[in-house]
Amino acid sequence: MAGKVALVTGAAAGIGRAIALRLGEEGATQILVDIDDKGLRETERMLKAAGYPVMAITADVTEEAPVKALFAKALAAHGRLDILVNDVGGGSCGHIWEAKVEDWDFVQKLNLRSTFLCTREAAAHMRERRAGRIVNMSSGAREGTPWTAYYIGNSAYSAAKAAIHGFTRGVALELAEYNVFVNAVAPGPIETERTGPGFRKIEALEYGPVRATPLRRIGVPEDIASAVLFLASDEANYITGTTLAVAGGR
Ligand SMILES: NC(=O)c1ccc[n+]([C@@H]2O[C@H](COP(=O)([O-])OP(=O)(O)OC[C@H]3O[C@@H](n4cnc5c(N)ncnc54)[C@H](O)[C@@H]3O)[C@@H](O)[C@H]2O)c1
């Protein structure tokens, strides 16, 4: 990663923060983005304390104007972008029989529109430079998640994460001739501040995440950061259009 410029969205917490720390450790210069200014400043502080070059920008990546401004700022500061990690995502619509249209739309916007908007900006630049790596965040939920389906329902999220796979594949095909690689990571259950309490609440029940995972543990954000690092690196020189499951055998 030495000499590489990377932009990571969703870097204020959880998996995004772990990705930022890992890319920093490997020598990347980073632009970190999140809507949560406080969390983002904390990630920035952690990276700076470790001596990693970083610039933090607070922005809503689900809206077109802030995303355009964000990429303009990043490119003005560094002159180029080698890596984009689209980590922002999440959300829930509840059980399908009571799902609200606004919750459905919110989940699609948070996961899909954010990935589309950031990828579009990065692709225009990377295509011109004939170099670049884009890593998107899908999920085990792209094929349905037993515990989520059983206890809270979340078909909007499953649909959005399946769409991330299709989007990744489509964009990879469009950009292959320009030497721009596009892949996704599909995490299984990963312990973050957001997910941890929920996992523990349902673990003892019939479809608990540990018993539905062959490796018999909940993953940690660093498990995902390692996979992102690999796909963003030159080690993955013959891999594009792939969604890599990092899900403990699920
Ligand atoms: N944790 C898991 O078990 C798990 C499993 C599969 C997939 N994922 C995916 O991994 C990614 C990260 O998950 P996480 O658990 O670390 O989530 P998280 O909620 O801890 O982190 C997401 C970050 O995105 C930021 N964000 C939200 N809306 C934003 C917006 N409009 N603009 C900019 N930033 C915004 C949040 O402030 C937060 O810092 C998501 O795409 C999630 O769907 C997580």
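Placed above this text is the structure.
Residues numbered from 1 in each chain as written. Predicted model: local features only at pLDDT ≥ 70, side-chain atom pairs only at ≥ 80, totals over all residues. Heavy atoms only, no water.

Brief notes about the overall build of the chain
Scanning the chain from terminus to terminus reveals eight helices and seven strands. Computed over its C-alpha atoms, the radius of gyration of the chain comes to 17 Å, within 12% of the 18 Å expected for a compact globule of 250 residues. Over its C-alpha atoms, taken along the principal directions, the chain stretches across nearly 50 × 35 × 35 Å. Here the chain holds 250 residues, and 50% of them are scored as buried. Within the chain, contacts between residues at least 6 apart in sequence are counted, and of these 74% link residues at least 24 apart. Seen as two clouds, the 28 positive and the 29 negative side-chain charges of the chain have centres 2 Å apart. (Helix = DSSP H or I, 4+ residues; strand = E, 2+ residues; numbered from the N terminus. Rg over C-alpha atoms; globule rule 2.2 N^0.38 Å. Buried < 20%, exposed > 50% of the residue type's maximum accessible area, 1.4 Å probe, protein only. Contact = heavy atoms within 4.5 Å. Lys, Arg positive; Asp, Glu negative; His and termini not counted. Charge placed at Lys NZ, Arg CZ, Asp CG, Glu CD.)

A few points about the site of the ligand
If you check the shell around the ligand, you find 30 residues, and the closest are Asp34, Asp60, Asp87, Tyr157 and Arg194. Interatomic distance of 2.6 Å between a side-chain N/O atom of aspartate 34 and an oxygen atom of the ligand. For the ligand, whose unbound accessible area comes to 830 Å², protein coverage reaches 90%. At a threshold of 2 Å from the grid points, most atoms of the ligand map onto the largest pocket. For the shell around the ligand, the secondary structure elements donating two or more residues are helix H1 (14-25) and helix H6 (155-175). Residues of the shell around the ligand, tallied by class, amount to 14 nonpolar, 10 polar and six charged. (Near = heavy atom within 4 Å. Polar contact = N/O pair within 3.5 Å; in protein donor to acceptor, adjacent residues only side chain to side chain. Areas by Shrake-Rupley, 256 points an atom, 1.4 Å probe, with all protein chains shown as cover. 1 Å grid on protein atoms, 1.4 Å probe; cavity = no way out; pocket = protein on both sides within 12 Å on 5 of 7 lines; lining within 4 Å. Sits in = over half its atoms within 2 Å of the grid points. Nonpolar A, V, L, I, M, F, W, Y, C, P; charged D, E, K, R; others polar.)

Focus: the packing of aromatic side chains
Counted by the stated rule, this structure contains two aromatic pairs. Seen from their ring centres, tyrosine 150 and tyrosine 207 are 4.5 Å apart, and the 50 degrees between their planes marks the pair as tilted. One end of the pair, tyrosine 150, is in helix H5 (residues 146-151); the other, tyrosine 207, is in the loop between helix H7 (196-202) and helix H8 (221-232), with 57 residues separating them in the sequence. For tyrosine 150, a relative accessible area of 44% corresponds to the partly exposed category. Counting every residue linked through ring pairs, the aromatic cluster contains Tyr150, Tyr151 and Tyr207. In this arrangement the basic side chain of arginine 127 is found over the ring face of tyrosine 178, its NZ or CZ atom lying 4.6 Å from the centre. We note arginine 133 situated over the ring of phenylalanine 181; from NZ or CZ to the ring centre the distance is 4.0 Å. (Phe/Tyr/Trp six-rings, centres within 6.5 Å; stacked < 30°, edge-to-face > 60°. Lys NZ or Arg CZ within 6 Å of the ring centre and 35° of its normal.)

Overview of the packing of helix H3 (residues 64-78) against helix H4 (residues 101-129)
Interaxial distance between H3 and H4 falls to 9 Å at its minimum, and their mutual angle equals 35 degrees. Pair H3 / H4 crosses with right-handed handedness. Mapping the contact onto sequence places Glu64, Val67, Lys68, Phe71 and Leu75 in H3 and Leu117, Cys118, Arg120, Glu121, Ala122 and His125 in H4. Here the contact of H3 with H4 is built from residues that sort into six nonpolar, one polar and four charged. (Axes fitted to C-alpha atoms, helices over the stretch in contact; angles between N-to-C directions. Left-handed = near helix turned anticlockwise from the far one by under 90°.)

Focus: the nonpolar core
Counting residues in hydrophobic clusters, the biggest one holds 31 residues, and the most contacted among them are Ile19, Leu23, Leu32, Val185, Ile224 and Val228. Among the elements of the structure, strand E1 (5-9), H1, helix H2 (37-49), strand E3 (54-58), strand E4 (83-86), strand E5 (132-137) and H8 are those that each provide at least two residues to this core. With seven residues, H8 is the largest single contributor of residues to this core. Filtering out sequence-adjacent residues up to four positions away, leucine 32 remains in contact with Val8, Ala11, Ala20, Leu40, Thr43, Leu47, Val54, Met55, Ala56 and Ile57. Core analysis: the second largest hydrophobic core is formed by 27 residues, Ala74, Met126, Leu175 and Val182 among them. (Core = buried A, V, L, I, M, F, W, Y, C linked by side-chain atoms within 4.5 Å.)

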